[in-house]
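A structural walkthrough
Given next are the chains, with one letter for each unit.
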Amino acid sequence: MKYLCNLKSLDFLTHHYFLIPNIFCLSLNPTKTHDKMLYHSPPVQTTESTEPTSTAFSMLFQSCRDYNHLTQIHAKVLVSGFQGNMFMLNKIVALYITFSDLQLAHLVFSGVRRPTCFMWNVMIRGYATGGQFVESIQLYCKMLEMGFSPDKFTFPFILKSSAGLSDLERGKVIHGHVIRYGVHNDRFVDAALVDMYAKCGSICIARLVFDKMEERDLVSWTAMISGYAQNGCDTETLEFFSLMQREGVQPNRVGFLSVLLVCGHLGALKKGELFHGFIIQTGFESDVSITTALIDMYGKCGSMDMAGLLFHQTGERDVVLWSAIIACHGMHGHGREAISLYDEMIKTGMKPNEVTFTCILSACSHSGLLERGRTYFESMIKDYGIKPNMNHYTCMVDLLGRTGLLFEAENLIKTMPYEPDASVWGALLSGCRIHGNMHLGERVAEKLLELDPSHAGYYVLLSNLYAARSRWRDVDRVRRLMLRRGVKKPQGFSLFELDNYVYMFGVEDRTNPQSEKVYALLESLASRMRELGYVPLIEFALHDVEEETKEASLVYHSERLAIAFALLNTRLGATIRITKNLRICGDCHSATKFISKIVEREIIVRDMNRFHHFKHGECSCGDYW
Ligand code: ZN
Ligand code: ZN
């Protein structure tokens, strides 16, 4: 922790007045006009006769309206002989915290030999809400060391700090303190515990605490809902949201942000639309972060029309909103639209940030816009002084690799000012796979398997690379390596939303009541596809992410089951939207093109990387994905 000076004795209080000019000369916060206050504000009255009383000070504190006013009152306190008055000191510390001058608050605080519990709490709260979590925890430890007992006002903020640091172990210790000091039935403390456990990824303990709470309010409900959303528990998030509504608790902004995130994740457009309606009813639609979340949700659910409409209707556009709409166009492969939006944004005078550049570079990559990508990468450094981060390098390597400039991509990696991580090398390996560069691919894959030996995707990519060259012995070697290291392939699944329900399909799934019809439809589609020239790509059946046994399983990859189910349950001509958790395999990609032609439907598949719009036998990705 940074202390300005270590004045702890009472001497400090007597000399405080003389210290004031020095404090201000330090110019702790350049935005605050200390000098102006000192030299241009009305002179502080020092004569006994006009000295305000403590009652007058109470009124002064109550009327304190801004930072300058506070510093004037503070000076007045010092010259009026009240510098040792705990009531005044409490007020002064609290007000410096209110006006976000943590350093001056701390300076006053550290001059008090025995601060009150209130003062400790105010300081801990100040650090926690200012994002200085380490300092807040250090202060808490010092408070205990000095023999003070924390109370129900201390714990919410100290738990907030543990959550901010994602420090579960410390959080558990503090939970112990909560029980020891007997404040475990306080609703604010309990809500903070729920929030801490959820943010530290321990959602089950969060739930245990939540279930034991006697009184649940909006704060604790929201902590649980956002905790579920952030921990990828989609179903629980939606369930808890409706449970909260049934309990008569009105959702807040964070609650809405959580459910929109989940709808986008699931590709649940209808549900997302329902929430949109609810947001309008409750008056949250004017909140720019909600609009951004709505745009993101519509984009991820494949409804670019709505995303665009919302964007154009919004008057107040911040950089996050602009980045969101650029990202939406990017993942749909609308590179040109993303670029024209970026240009429009610059024209309005808005400054792009790191995230904006990730979005625009990724858009260029998904659409193969090499020169534009290079220009943005350079402009980011030269015009905006932004140092490229790992995401920017990953996008650039992906773009270069996709367009076949594999060695340039490798050189870019070599010039990186820090160690490239697995995502950067993974992007290069994808390029090697697309362009069949065995030599480089092998080297990159070896590196990746060293960096992240538990990531199944890299084994699969390497195995695919060997399979494409019919190097079956190597394919086998990779598989055995995977087995030896205990690496499991992630289970592939696809989602389809129908009548407010999201149906999930696994590989060769037969749990759906309509399974028989689904499989029969796939059989008949397969024979029509063959007539039109479809040839199954067997290597994907043998070696791609999901399946490894037999040719027949190609037909039953999860996205095909979902497509057949959708065809059976939607009206003729309706667009079909499927969400898949992994990358779509080459064979399913080819088959879906044929299916879109046979059934004359648009089929939109969102896979792990991007959107594929299948129409009239073609895909929007141009076979690069
Ligand atoms: Zn497949
Ligand atoms: Zn595609």
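Given the structure is predicted, the values throughout are model-derived calculations rather than measurements.

Conventions adopted
- Residues numbered from 1 in each chain as written.
- Chains lettered and ligands numbered in written order.
- Predicted model: local features only at pLDDT ≥ 70, side-chain atom pairs only at ≥ 80, totals over all residues.
- Heavy atoms only, no water.
- Helix = DSSP H or I, 4+ residues; strand = E, 2+ residues; numbered from the N terminus.
- Buried < 20%, exposed > 50% of the residue type's maximum accessible area, 1.4 Å probe, protein only.
- Areas by Shrake-Rupley, 256 points an atom, 1.4 Å probe, with all protein chains shown as cover.
- Salt bridge = Lys/Arg side-chain N within 4 Å of Asp/Glu carboxyl O.
- Arc of directions from axis to C-beta.
- Contact = heavy atoms within 4.5 Å.
- Donors = N, O, S within 2.8 Å, 3.2 Å for Na, K, Ca; no water.
- Tetrahedral: all angles 85-135°; square planar, octahedral: opposite > 155°, others 65-115°.
- Pairing = 2+ DSSP bridges.
- Axes fitted to C-alpha atoms, helices over the stretch in contact; angles between N-to-C directions.
- Right-handed = clockwise from strand over helix to strand, strands pointing away.
- Parallel < 35°, antiparallel > 145°, perpendicular 65-115°, else oblique.
- pLDDT = per-residue confidence, 0-100.

Attention now moves to the overall build of the protein chain. Per the secondary structure count, the protein chain includes 32 helices and six strands. Here the protein chain holds 625 residues, and the buried ones make up 53% of them. Here the protein chain displays about 29,100 Å² of accessible surface, and carbon together with sulfur accounts for 54% of that area.

What follows deals with the pattern of salt bridges. Across all of its chains, the model carries 21 salt bridges by this definition. A salt bridge links Arg-374 to Glu-371, with the shortest nitrogen-to-oxygen separation between them at 3.4 Å. Of the two residues, Arg-374 and Glu-371 both sit in helix 22 (residues 370-382), three residues apart, roughly one turn of that helix. Its relative accessible area of 22% is what places Arg-374 among the partly exposed residues. Between Glu-442 and Arg-471 there is a salt bridge; the shortest N-O distance is 3.1 Å. With Glu-442 in helix 26 (residues 438-451) and Arg-471 in the loop between helix 27 (456-468) and helix 28 (472-484), this residue pair connects regions lying 29 residues apart in the sequence. By relative accessible area, which is 22% here, Glu-442 ends up partly exposed. Given a relative accessible area of 28%, Arg-471 falls into the partly exposed group. Taken together, the shared-partner salt bridges connect Glu-442, Arg-471, Asp-474 and Arg-477 into one network.

For the rest of this paragraph, the subject is helix 12 (residues 203-212). Here helix 12 has its buried residues at Ile-203, Ala-206, Val-209 and Phe-210. Buried residues along helix 12 cover an arc of 120° about the axis, so they all sit on one side. Every exposed residue of helix 12 that faces more than 90 degrees away from the buried side is listed here: Cys-204, Leu-208 and Lys-212. On its buried face, helix 12 sits against helix 10 (168-180), helix 11 (187-199), helix 13 (218-230) and helix 14 (234-246).

Surrounding the zinc ion (ligand 2) are the protein donor atoms His-589 (NE2), His-612 (ND1), Cys-619 (SG) and Cys-621 (SG), which sit 2.0 to 2.2 Å from the metal. With four donor atoms in place around the zinc ion (ligand 2) and angles of 102 to 116° between them, the coordination shape is tetrahedral. Positions of the donor residues of the zinc ion (ligand 2) along the chain correspond to the pattern H-x22-H-x6-C-x1-C. Of this pair, His-589 sits in helix 32 (residues 586-599) while Cys-621 sits in the segment after strand 6 (618-619), and the two are 32 residues apart along the sequence. Exposure class is identical for His-589 and Cys-621. Each is buried.

Glancing now at the sheet that holds strand 2 (residues 501-506). In spatial order, the strands read 2-1-3-4-5-6; together these six strands make up an open sheet with mixed pairing. Of all the strands in the sheet, the pair left with one neighbour each is strand 2 and strand 6. Lying over the sheet, helix 31 (residues 558-569) contacts strand 1 (493-498), strand 2, strand 3 (576-580) and strand 4 (603-606), oriented at roughly 15° with respect to strand 1.

Coordination of the zinc ion (ligand 1) by the protein involves His-557 (ND1), Cys-585 (SG) and Cys-588 (SG), with metal-donor separations of 1.8 to 2.3 Å. Along the chain, the residues that donate to the zinc ion (ligand 1) are spaced as H-x27-C-x2-C. In this pair, His-557 sits in the loop between helix 30 (538-543) and helix 31 while Cys-588 sits in helix 32, placing the two residues 31 residues apart along the sequence.

Where a strand is regular, its side chains alternate between the two sheet faces. Here strand 3 lies mainly inside the structure; four of its five residues are buried. Pairing of strand 1 with strand 3, which is carried by two bridges, proceeds in the antiparallel orientation. Bridge pairing in strand 3 places Ser-494 opposite Lys-580. For strand 3 and strand 4, the ladder comprises four bridges, and the chain directions are parallel. Bridge assignment links Arg-577 to a residue of strand 4, and that residue is Ile-604.

On strand 4, burial covers both faces: Ile-603 and Val-605 on one face and Ile-604 and Arg-606 on the other are all buried. You can see the chain leave strand 3, run along helix 32 and come back into strand 4, and the turn it takes is right-handed. Looking at chain direction, strand 4 and strand 5 (residues 611-615) are connected through four bridges and run antiparallel. Bridging from a neighbouring strand, Ile-604 pairs with His-613 of strand 5. Where strand 4 folds back on strand 5, the antiparallel hairpin that results is connected by four residues.

Negative phi values dominate among residues other than glycine, just as trans dominates among peptide bonds. Even without being a glycine, Asn-500 presents a positive backbone phi close to 70°. Position of Asn-500 relative to the elements: it lies in the loop between strand 1 and strand 2. For Asn-500, a relative accessible area of 35% gives the class partly exposed. We note that His-616 has phi near 45°; this positive angle belongs to a residue other than glycine. Of note, His-616 is situated in the loop between strand 5 and strand 6.

At a minimum axis separation of 10 Å, helix 5 (residues 86-98) and helix 7 (residues 117-129) run at an interaxial angle of 10°. Here helix 5 is positioned roughly parallel relative to helix 7, judged by the angle of their axes. Across from Met-86, Leu-89, Asn-90, Val-93, Ala-94 and Ile-97 in helix 5, the residues of helix 7 making contact are Phe-118, Met-119, Val-122, Met-123, Arg-125 and Gly-126.

All right, on to the environment of Phe-61 then. Mapped onto the secondary structure, Phe-61 falls in helix 3 (residues 54-63). When the C-alpha positions of Phe-61 and Leu-95 are compared, they lie 8.5 Å apart, and in sequence the two are 34 residues distant.

Moving on: the confidence of the model for the protein chain. Keep in mind that low pLDDT regions are not for reading the predicted coordinates in detail. Counting all residues, the mean pLDDT for the protein chain is 85, and 89% of those residues have values of 70 or more. Every residue in residues 1-49 is under pLDDT 50, and counting partners more than four places away or in other chains gives 76 contacts. This model gives residues 541-553 a pLDDT under 50, and the stretch forms 46 contacts once residues within four places in sequence are excluded.

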